[in-house]
2 protein chains.
Amino acid sequence: MKNRVITISREFGSGGRTIGKKVAEQLGIPCYDAEIIQEMVKETGFTPEYVKEAGEYTPGSFLSSAFSNRLFGLTNEDILWEHQYKVITELAQKGPCVIVGRCADYILQDKADCLKVFIHADMDFRARRIVEVYGEREQSPEERLRDKDKRRAAYHRFYTDMKWGYAQNYHLTLNSGVLGIDQCVKIIASLY
Amino acid sequence: MKNRVITISREFGSGGRTIGKKVAEQLGIPCYDAEIIQEMVKETGFTPEYVKEAGEYTPGSFLSSAFSNRLFGLTNEDILWEHQYKVITELAQKGPCVIVGRCADYILQDKADCLKVFIHADMDFRARRIVEVYGEREQSPEERLRDKDKRRAAYHRFYTDMKWGYAQNYHLTLNSGVLGIDQCVKIIASLY
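Below you will find a few notes about this structure. (Residues numbered from 1 in each chain as written. Chains lettered and ligands numbered in written order. Predicted model: local features only at pLDDT ≥ 70, side-chain atom pairs only at ≥ 80, totals over all residues. Heavy atoms only, no water.)

1. Quick notes on a negative patch on the surface
All names here are of chain A. Keep this limit in mind: Exposure above 30% relative accessible area and the absence of a salt bridge qualify a residue for a patch, where like charges join within 9 Å and nonpolar side chains (Val, Leu, Ile, Met, Phe, Trp, Tyr) within 5 Å. With residues, only the protein chains shown are counted as cover, and all accessible areas are computed by Shrake-Rupley using a 1.4 Å probe. Salt bridge criterion: a side-chain nitrogen from Lys or Arg within 4 Å of a carboxyl oxygen from Asp or Glu. Counted as positive: Lys and Arg. Counted as negative: Asp and Glu, with His and the chain ends omitted from the count. We put the charge of a Lys on NZ, of an Arg on CZ, of an Asp on CG and of a Glu on CD. Elements are defined by DSSP. Helices are runs of H or I of four residues or more, strands are runs of E of two residues or more, and each kind is numbered from the N terminus. Buried residues are those whose accessible area, probed at 1.4 Å on protein chains only, stays under 20% of the maximum for their type, while exposed residues exceed 50% and partly exposed ones sit between those limits.
Residues Asp 122, Asp 124, Glu 142 and Glu 143 make up a contiguous surface patch of negative charge. Take Glu 143: it is sitting in helix α7 (residues 141-160). Its relative accessible area of 41% is what places Glu 143 among the partly exposed residues.

2. Let's talk about the relation of the copies chain B and chain A
Selection rule: We superpose the copies by least squares over the C-alpha atoms of residues that have a pLDDT of at least 70 in both of them. Two residues qualify as a contact provided that any one of their heavy atoms is within 4.5 Å of a heavy atom in the partner residue.
Superposition record for chain B on chain A: RMSD 0.0 Å, screw rotation 180°, translation along axis 0.0 Å. With respect to symmetry, the two chain copies, as superposed, fit the operation of a two-fold axis. Taken as a fraction of all interface residues of chain B, those also at the interface in chain A reach 100%, which identifies the copy contact as same-surface.

3. Here's the deal with the packing of aromatic side chains
The criterion, for reference: Geometry of aromatic contacts follows a simple scheme: Phe, Tyr and Trp rings, the Trp one being its six-membered ring, pair when their centres are within 6.5 Å, and the pair is stacked under 30 degrees between planes, edge-to-face over 60, tilted otherwise. A ring has a charge above it when a Lys NZ or an Arg CZ is no more than 6 Å from the ring centre and no more than 35 degrees off the ring normal.
One pass over the structure, following the stated rule, counts 20 aromatic pairs over all chains. Here Phe 118 of chain A and Trp 164 of chain A contribute two aromatic rings whose centre-to-centre distance is 5.3 Å and whose plane-to-plane angle is 85°, an arrangement assigned as edge-to-face. Here Phe 118 of chain A is found in strand β4 (residues 113-120), whereas its partner Trp 164 of chain A is found in the loop between α7 and β5 (172-175), with 46 residues between them in sequence. On the basis of relative accessibility, which here comes to 13%, the residue Trp 164 of chain A falls in the buried class. Here the aromatic rings of Phe 12 of chain B and Tyr 134 of chain B are separated by 5.4 Å at their centres, their planes lie at 25°, and the arrangement is stacked. Highlighted residues: Phe 12 of chain B in the loop between β1 (4-10) and α1 (16-27) and Tyr 134 of chain B in helix α6 (residues 123-134), separated in sequence by 122 residues. Taken together, the ring pairs connect Trp 81, Tyr 85, Tyr 106, Tyr 155, Phe 158 and Tyr 159 of chain A into an aromatic cluster. The ring of Phe 12 of chain B is capped by Lys 148 of chain B, whose NZ or CZ atom sits 4.7 Å from the centre of that ring.

4. Describing the nonpolar core
To keep it simple, the criterion reads: Nonpolar core, defined: a set of buried Ala, Val, Leu, Ile, Met, Phe, Trp, Tyr and Cys residues in which side-chain atoms within 4.5 Å join the residues together.
Of all hydrophobic cores here, the largest spans 42 residues; its most connected members are Ile 188 of chain A together with Ile 188 of chain B. Considering each element in turn, this core owes the most residues, 6 residues, to helix α9 (residues 181-191) of chain B. With near-sequence residues (within four places) excluded, Ile 188 of chain A lies in contact with Ile 6, Ile 19, Val 23, Leu 115, Val 117, Ile 119, Leu 172 and Leu 174 of chain A.

5. Digging into the layout of surface pockets
Condition: A pocket, in this scheme, is an open set of points on a 1 Å grid over the protein atoms alone with protein on both sides within 12 Å along at least 5 of 7 lines, while a cavity is a set where a 1.4 Å probe fits but cannot get out; residues line either one if an atom lies within 4 Å of a point. Grid points are joined across faces, edges and corners, and a volume is the space filled by probe spheres set on the points. Under this grouping Gly is polar, as are all residues other than the nonpolar Ala, Val, Leu, Ile, Met, Phe, Trp, Tyr, Cys and Pro and the charged Asp, Glu, Lys and Arg.
What the largest pocket holds in volume is close to 910 Å³. What lines the largest pocket is a set of 38 residues, and nearest its centre among them are Phe 12, Arg 17, Glu 56, Lys 148 and Arg 152 of chain A. Looking at the lining of the largest pocket, the elements that each hand over two or more residues are β1 (4-10), α1 (16-27), α2 (34-44), α3 (48-54), α6 (123-134) and α7 of chain A. The element contributing the most residues to the lining of the largest pocket is α7 of chain A, with 7 residues. Estimated volume of the second largest pocket: approximately 740 Å³. Lining the second largest pocket are 31 residues, with Arg 10, Lys 52, Glu 56, Lys 148 and Arg 152 of chain B positioned closest to its centre. The set of elements that each furnish at least two residues to the lining of the second largest pocket consists of β1, α2 (34-44), α3 (48-54), α5 (104-107) and α7 (141-160) of chain B. The dominant element in the lining of the second largest pocket, judged by the number of residues it contributes, is α7 of chain B, at 7 residues. Split by residue class, the lining of the second largest pocket holds 10 nonpolar, 6 polar and 15 charged.

Shown next as structure tokens:
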């Protein structure tokens with residue numbers, strides 16, 4: 001019997017991570033998010049910042065890495081992807097859990113009994129939220145969102161060949177801005 | 001205060017119409033589906049079959065109409081679209097309701113307080129369901145589904161300029177094959 005896992009993909013600023021943590025709390029199961037990055041840091045020797053950033057760059061676009069060149073074989077991003085694949089598979093084998101981001105829905109498709117969720121929200125809601133949660137930056141919130149959206153979509157498509165944000169890829173998609181964070185938590189937990 | 005309306009867009013064979021009817025029943029509000037076609041028949045003089053079929057053809061692709069030529073001004077499909085727009089707006093003004101299909105989410109975006117839902121399901125589930133509900137046809141169920149999916153997506157994009165099945169267009173999308181018809185009804189009704 002495969003473990004039951006809730007995977008949460010999310011637009012930047014939609015509150016997907018908060019929703020994942022609250023669902024896990026309600027269900028009394030672990031929620032993995034930063035833990036995945038910590039495991040990858042241990043396994044690869046890259047810094048946490050590098051691991052975190054690389055998860056949103058497709059190979060070839062991650063200019064900070066001088067060794068990211070497919071002429072020489074695997075890129076750093078490919079190596080990270082392999083470790084991400086291994087870490088997520090192992091976490092899902094440990095027991096029921098919630099996993100936020102990192103293409104877990106794709107990685108686990110034949111390895112766990114997944115409930116695949118996508119959380120999104122309108123630009124206004126997300127812009128307010130990223131300023132509240134992460135503070136102001138030089139770039140405007142809208143520019144930061146557009147930038148992140150583009151990167152996540154490209155990364156997702158490169159490694160999974162699936163269209164980011166396309167309803168048919170998920171069992172459930174929710175607009176957290178309209179429905180509210182707590183309502184989203186309630187719906188997801190009720191489906192477990 | 002605008003009326004509260006639930007709009008349900010759905011893939012052919014996903015059970016979206018059944019879900020709409022059950023939600024309306026639970027909430028004690030009307031569900032409009034075939035009623036929209038009847039109203040359009042009354043207003044336009046076209047046959048019910050023509051009205052129904054035209055709702056899945058984009059102008060120019062509906063070959064059965066010899067008069068559908070933009071060189072001569074409005075096509076039959078454009079005329080039907082205008083009536084559809086009017087009928088759906090009037091129904092939403094009457095009071096709270098569920099409206100299935102016919103781009104109601106787009107038509108009502110500024111006219112009602114909408115909960116916008118999209119129902120989809122995997123090919124296998126839908127293929128089994130259309131044979132159960134509509135019986136066998138000469139075309140295989142999979143061909144019928146691919147054909148309908150393509151037409152609905154093209155129609156939707158032509159008149160609304162929105163991507164069909166894209167999570168961001170809806171407040172909630174549900175895979176009825178995995179979650180089950182009754183679970184979908186429960187979630188939607190709980191959000192009203």
